[in-house]
Amino acid sequence: MEHTSWIELNQKALAKNLSFLKQRIGDHCVFASIIKGNAYGHGIEQYISLAEARGINLFAVYDAYEAYRAWSVKKPETELIIMGMLDKSQIEWAIVNGIALFVFDTDRLYAAIETARKLKKKARIHIELETGLNRTGLDADDLATVIPLIKKHSRYLSICGICTHYAGAESISNYLRIQNQIKLFRDYCKKLKKAGITAPYHSACSAAALTYPNTIMDMVRFGIAQYGIWPSMETKMHNLLSEESAFKRNPLKPVLSWKPKVMSLKTVMQGTFVNYGNAYLATNKMRLATIPVGYHHGYSRSLSNTGHVLIRGKKADVVGMVNMNMFMVDVSRVPGIGVGDEVVLIGKQGDLSISVASFSEMTKMVNYEMLSRLPYQIPRYVV
Ligand SMILES: *Cc1c(COP(=O)(O)O)cnc(C)c1O
């Protein structure tokens, strides 16, 4: 049965983003595609095959559930990394299937070694270092325990990476903190190297790679940028205004659009309240369209009286409250409108577009939150 709206994934846009980002990091740097949060709302299953078709063969997820979904659809040669949550039985599943995992505390390391010994199969691990995000990662004290442990059990471990994560590379206000993290990461890597432990180094997310080139190293973990969205306005401006900038136009193209159809039309007289309560009073005779999407579907209630959509190439404002399953827009200036017309909530229509950034701004959400909250149930189609 059809859902009330659908999501389109634009493969041409993805191809452009990937080639721009690959060119930024160079041929020798590995592109890791981050697909946590249901591939930032794009749909893990649909997104993996699209990215694989464009040469991506390494994906990172947050947990075992996401890994399972990725593992079920990926090509056999495509590799996976789990960056976050795993319980004991899931660690076993990951090792059996050759899926790499982040080791960010000593418990995780013990569990990986123990499981690998039991399975007689090496655990593939990425050593995550605590450099100042103060979330997950091995600090100097942990390393005193971890280094001898790794050396002693090296036959149970395959070290696939040594990594860290920055505390907000998308904002200039974190500049000093990031610089300190880069320095500390280098120090820790040296320490590990001295102990004979080396592996590809990786630290950059989208914002770090696009703002601080020295964070690019052997691999970059690209999340939001591959989907054609800048991590922040600052990152966008930094790139578009930089002197070396080889491009005059925005090189990132949004991959995702979100669309329902007009459900119903109605005319209301001047002086009537529209929809629940007194949130909107019609000041003229108005033509209204009902859109069958509400906060249940991820169209935030905070867009009540403030959001807008595109219909027949024209902008139509949200009037009144966003309900659980529907909201209304003013279509008085959309000639020829009919039930079943395509409505754009996010995306382009004619010369107009509604970006993820503007949508997020209106809802006081960051792009990341807005995208990853799009419900799983909405079907995703490749166009
Ligand atoms: C989410 C995440 C990324 C990707 O971040 P973007 O800002 O979307 O590029 C990279 N590394 C880790 C550890 C992450 O959790």
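Source: prediction; values computed, not measured. All chains use their own residue numbering, which begins from 1 and follows the written sequence. Totals for whole chains, interfaces and linings use all residues, but because this is a predicted model, local features are given only for residues with pLDDT of at least 70 and pairs of side-chain atoms are given and counted only at 80 or more. Side-chain numbers come from the whole structure's heavy atoms, not from hydrogens or water.

Here's the deal with the pairing of strand 9 (residues 219-222)
The classification of residues rests on relative accessible area computed with a 1.4 Å probe and restricted to protein chains. Under 20% of the type maximum is buried, over 50% is exposed, and intermediate values are partly exposed. Counting from the N terminus, the helices are the DSSP runs of H or I reaching at least four residues and the strands are the DSSP runs of E reaching at least two. What you see with strand 9 is no split at all: M219 and R221 on one side and V220 and F222 on the other are buried throughout. Note: two strands are recorded as paired if DSSP finds a minimum of 2 bridges between them. Taken together, the four bridges between strand 2 (residues 30-34) and strand 9 define a ladder with parallel strand orientation. Counterpart to A32 in the pairing with strand 9 is R221. Of the pairings in the sheet, the one linking strand 8 (residues 201-204) to strand 9 comprises two bridges and is parallel in character. Its bridge partner lying in strand 9, A204 is registered against V220. Taken together, strand 8, helix 9 (residues 206-211) and strand 9 constitute a β-α-β crossover, and its handedness is right-handed. Handedness is read with the strands pointing away from the viewer; a crossover is right-handed when the path from the first strand over the helix to the second is clockwise.

Quick word on the packing of helix 6 (residues 106-119) against helix 7 (residues 140-152)
Axis geometry follows a simple rule: fit a line to the C-alpha atoms, using only the stretch in contact for helices, then measure angles between N-to-C directions, giving values from 0 to 180 degrees. Closest axis-to-axis distance for the helix 6/helix 7 pair is 10 Å, and the angle between their directions is 10°. Regarding the angle of helix 6 to helix 7, the classification is roughly parallel. Handedness of the helix 6/helix 7 crossing: left-handed. Between helix 6, through T106, L109, Y110 and I113, and helix 7, the contact on the second element is made entirely by D142, T145, V146, L149 and I150. Angle categories: roughly parallel below 35 degrees, roughly antiparallel above 145, roughly perpendicular from 65 to 115, and oblique for all the rest. Throughout, a crossing is termed right-handed when the near helix is turned clockwise from the far one, and left-handed when it is turned anticlockwise from it by less than a right angle. Should any heavy atoms of two residues lie within 4.5 Å, those residues are counted as being in contact.

A word on the packing of aromatic side chains
Ring pairs are drawn from Phe, Tyr and Trp, using the six-membered ring of Trp, whenever the two centres fall within 6.5 Å, and their geometry is named by plane angle: stacked under 30 degrees, edge-to-face over 60, tilted for the rest. Summed over all chains, the structure comprises 11 aromatic pairs. Geometrically, the ring pair formed by Y299 and F327 is stacked, given 4.3 Å between the ring centres and 10° between the ring planes. Of the two residues, Y299 sits in the loop between strand 12 (286-291) and strand 13 (308-311) while F327 sits in strand 15 (residues 327-330), which places them 28 residues apart along the sequence. F327 gets classed as buried once you look at its relative accessible area, which sits at 0%.

Examining the pattern of salt bridges
Throughout this description, the term salt bridge denotes a Lys or Arg side-chain nitrogen within 4 Å of a carboxyl oxygen of Asp or Glu. By the definition in use, this model includes 11 salt bridges. Within the structure, one salt-bridge network assembled from shared partners comprises E8, K259 and E342.

As for the environment of I81
Here I81 lies in strand 4 (residues 79-82). Residue classification places I81 among the buried residues on the basis of a relative accessible area of 2%. Sequence separation between I81 and F59 is 22 residues; the distance between their C-alpha atoms is 6.4 Å. With sequence-adjacent residues up to four places away left out, I81 is seen in contact with L58, F59, A60, V61, I99, A100, F102, H126 and M219.

So, the nonpolar core
Ranked by size, the top nonpolar core spans 119 residues in total, and within it I35, I162, W258, Y299, I311, F327 and V329 carry the most contacts. In contact with I311, not counting residues within four places along its chain, are V262, I291, A316, V329, V331, V334, I337, D341, E342, V343 and Q349. Nonpolar cores were defined as sets of buried Ala, Val, Leu, Ile, Met, Phe, Trp, Tyr and Cys residues, with membership established by side-chain atoms within 4.5 Å. One finds V268, V274, Y280 and A282 within the second-largest nonpolar core, a separate group that totals eight residues.

Some words on helix 5 (residues 88-96)
Among the residues making up helix 5, those that are buried are I91, A94 and I95. Buried residues along helix 5 cover an arc of 95° about the axis, so they all sit on one side. Those residues of helix 5 that are buried lie in contact with strand 4, strand 5 (100-103), helix 6 and strand 6 (123-128). Trailing helix 5 by a residue or two, G98 shows a phi angle of about 70°, which is positive. Starting at the helix axis, one direction is taken to each C-beta atom, and the arc is that of these directions.

Looking at the side chain of T290
Note on placement: T290 falls in strand 12. With a relative accessible area of 9%, T290 lands in the buried category. Sequence-distant contacts of T290, defined by excluding residues within four places in its chain, comprise V262, M263, S264, M326, F327 and M328.

Coordinates in, geometry out; function isn't part of it.
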